[in-house]
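Chain and residue survey
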There are 2 protein chains.
Amino acid sequence: MTTESEYLLGLYIVEHRSAPPVSSGRLAAVLDRSPAATTEMLQRLETRGLVDYEPYEGATLTPSGRDRADGLHRSYVTLSWFFRAVLDLDAAEREAMRMAGIVSPSVTDRLAETLLTNGDPREVIESGPPDRGE
Amino acid sequence: MTTESEYLLGLYIVEHRSAPPVSSGRLAAVLDRSPAATTEMLQRLETRGLVDYEPYEGATLTPSGRDRADGLHRSYVTLSWFFRAVLDLDAAEREAMRMAGIVSPSVTDRLAETLLTNGDPREVIESGPPDRGE
DNA sequence: GTTTTATTTTAGGTTTGCCTAAATAGTCGT
DNA sequence: ACGACTATTTAGGCAAACCTAAAATAAAAC
């Protein structure tokens, strides 16, 4: 299920940079996979009700997919922030993305809480686009 | 390569609880896999030079495998400590184990550094058995 | 020293995810 | 409207891990 998460998060991020649907090629580039593999996965995600997929057009997150992606994005932002602000690591963006799908919510939730309590709060949660109109 | 890591770390931990070699069944129980899957993996690890494997006996980490496992164990201890002492999560042992094989060393290294600098240092690095005679 | 029991291994099969190459569909210029 | 180009999809394959059931082996019990 962890690969699935990467696709969902990638989709989420791309959807917020330019309007959906997201083409296979675009997503493939972001995730560093072949377009063919990406198409295949998008089709799989559709059967799971997580995206709407239109051949030659691209994919759009369904409400259910967006839910999942939203949680992943929250984790991603938290991790990313932690890596940069606390561990002082740049270039850990990609790693944060990978990890968002792997770490259990209890960990990222607690991490976020801890950061907000002990650290500079502010743009932790709101640093990404948590939603935007259809 | 992440599954491989789990096996190496499991092997490392079991080797330090009772003397090697580690049987398939024992390792299977620790990693929550079927004995058959474990046997198969041990054979694969042998072809990669990471363990010595004796049928019906079990596996022993080679120097090269022990090197790898040692790094993983260091990460594991760091993560485990972080989860418990900073995030105040119990029962994250298993997650720490899983993550040790996934997080890049740069992250766990920096995490360890940061903990040692800012937190209660003490038994962070030395909390596990970092080595013991053959 | 057999037989029973427990463990380990092999056999056979499945799923997931990826890739390359070939086919197909859309798009744009003229 | 046609051809050329580009992007996407399908086809065919492969590798990694896992599982269950059956066979083999080792160890213990009698």
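Residues numbered from 1 in each chain as written. Chains lettered and ligands numbered in written order. Predicted model: local features only at pLDDT ≥ 70, side-chain atom pairs only at ≥ 80, totals over all residues. Heavy atoms only, no water.

1. Notes on helix α2 (residues 24-31) of chain B
All names here are of chain B. Worth spelling out the cut-off: Relative accessibility under 20% of the residue-type maximum defines a buried residue, over 50% an exposed one, and the middle range a partly exposed one, all with a 1.4 Å probe and only protein chains included. Under the DSSP-based scheme used, a helix requires at least four consecutive residues in state H or I and a strand at least two consecutive residues in state E, with every element numbered from the N terminus. Arc definition: it is the arc formed by the directions from the helix axis to the C-beta atoms.
For α2, the set of buried residues is Ser24, Leu27, Ala28 and Leu31. Projected down its long axis, α2 carries its buried residues within an arc of 105 degrees, all on one side. Looking one or two residues beyond α2, the residue adopting positive phi is Asp32, at roughly 60 degrees.

2. Let's talk about the protein's contact with DNA strand C
Basically, it comes down to this: Any residue with a heavy atom lying within 4 Å of a molecule or strand is counted as near it. Polar contact is the term for a pair of N or O atoms within 3.5 Å; when the atoms are in protein, one must be able to donate a hydrogen and the other to accept it, and sequence-neighboring residues count only if both atoms are side-chain atoms. Each residue gets one label: Ala, Val, Leu, Ile, Met, Phe, Trp, Tyr, Cys and Pro are nonpolar, Asp, Glu, Lys and Arg are charged, and the others, such as Gly, are polar.
Of all residues adjacent to DNA strand C, which total 20 residues, the nearest are Arg44(A), Ser24(B), Gln43(B), Tyr53(B) and Tyr56(B). Close to the protein, within 4 Å, the atoms of DNA strand C belong to sugar or phosphate groups at a rate of 76%. Here a phosphate oxygen of DNA strand C sits 2.6 Å away from a polar atom, N or O, in the side chain of Ser24(B). A distance of 2.7 Å is found between a phosphate oxygen of DNA strand C and a side-chain nitrogen or oxygen belonging to Gln43(B). Elements with a minimum of two residues in the surface near DNA strand C: α1 (2-15) and α3 (35-47) of chain A together with α2 and α3 (35-47) of chain B. For the surface near DNA strand C, a count of residues per class yields nine nonpolar, seven polar and four charged.

3. Some words on the interface of chain B and chain A
Think of interface size as the accessible area that goes away when the parts come together; that is how it is often given. Formally: Residue contacts are counted whenever heavy atoms from the two residues lie within 4.5 Å of one another. The buried area of a pairing is the accessible area, by a 1.4 Å probe, that goes missing from both parts when the two are put together, added over both. Should a side-chain nitrogen of Lys or Arg be within 4 Å of a carboxyl oxygen of Asp or Glu, the pair is scored as a salt bridge.
Every contact between the two is made by 17 residues of chain B and, on the other side, 17 residues of chain A. Note on chain B versus chain A: buried area summed over both sides is about 1,400 Å², and carbon and sulfur give 69% of it. Remark: the boundary between chain B and chain A carries zero salt bridges. The interface formed by chain B and chain A includes six residue pairs in polar contact (both at pLDDT 80 or more). In terms of residues, the side of chain B that touches chain A owes the most to one element, helix α6 (residues 105-118) of chain B, which gives five residues.

4. Concerning the protein's contact with DNA strand D
Contacts to DNA strand D come from 22 residues, most closely from Ser24(A), Gln43(A), Tyr53(A), Tyr56(A) and Ser34(B). Close to the protein, within 4 Å, the atoms of DNA strand D belong to sugar or phosphate groups at a rate of 77%. In the environment of DNA strand D, a phosphate oxygen lies 3.2 Å from a nitrogen or oxygen atom belonging to the side chain of Ser23(A). Between a phosphate oxygen of DNA strand D and a side-chain N or O atom of Ser34(B), the distance comes to 2.8 Å. Where the surface near DNA strand D is concerned, the elements lending two or more residues are α2 (24-31) and α3 of chain A together with α1 (2-15) and α3 of chain B. The biggest single contributor to the surface near DNA strand D is α3(B), with five residues. Of the residues contributing to the surface near DNA strand D, the split by class is eleven nonpolar, seven polar and four charged.

5. Quick look at the packing of aromatic side chains
Two aromatic rings, taken as a pair, are described by how far apart their centres are and by the angle between their planes. Stated formally: Only centres within 6.5 Å qualify two rings of Phe, Tyr or Trp (six-membered ring in Trp) as a pair; their planes then separate them into stacked at under 30 degrees, edge-to-face at over 60, and tilted for everything else.
On inspection of all chains with the given rule, the structure shows three aromatic pairs over all chains. Between Phe82(A) and Phe82(B), the ring centres sit 5.5 Å apart and the planes meet at 40 degrees, which makes this aromatic pair tilted. Of this pair, Phe82(A) sits in helix α4 (residues 63-86) while Phe82(B) is found in helix α4 (residues 63-86), placing the two residues in two different chains. As far as burial versus exposure is concerned, Phe82(A) and Phe82(B) are alike and both buried. For the pair Phe82(B) and Phe83(B), a centre-to-centre distance of 6.2 Å together with 50 degrees between the ring planes defines the contact as tilted. Accessibility assignment for this pair places Phe82(B) and Phe83(B) in one class, buried. Connected via pairs of aromatic rings, a cluster forms that spans Phe82(A), Phe83(A), Phe82(B) and Phe83(B).

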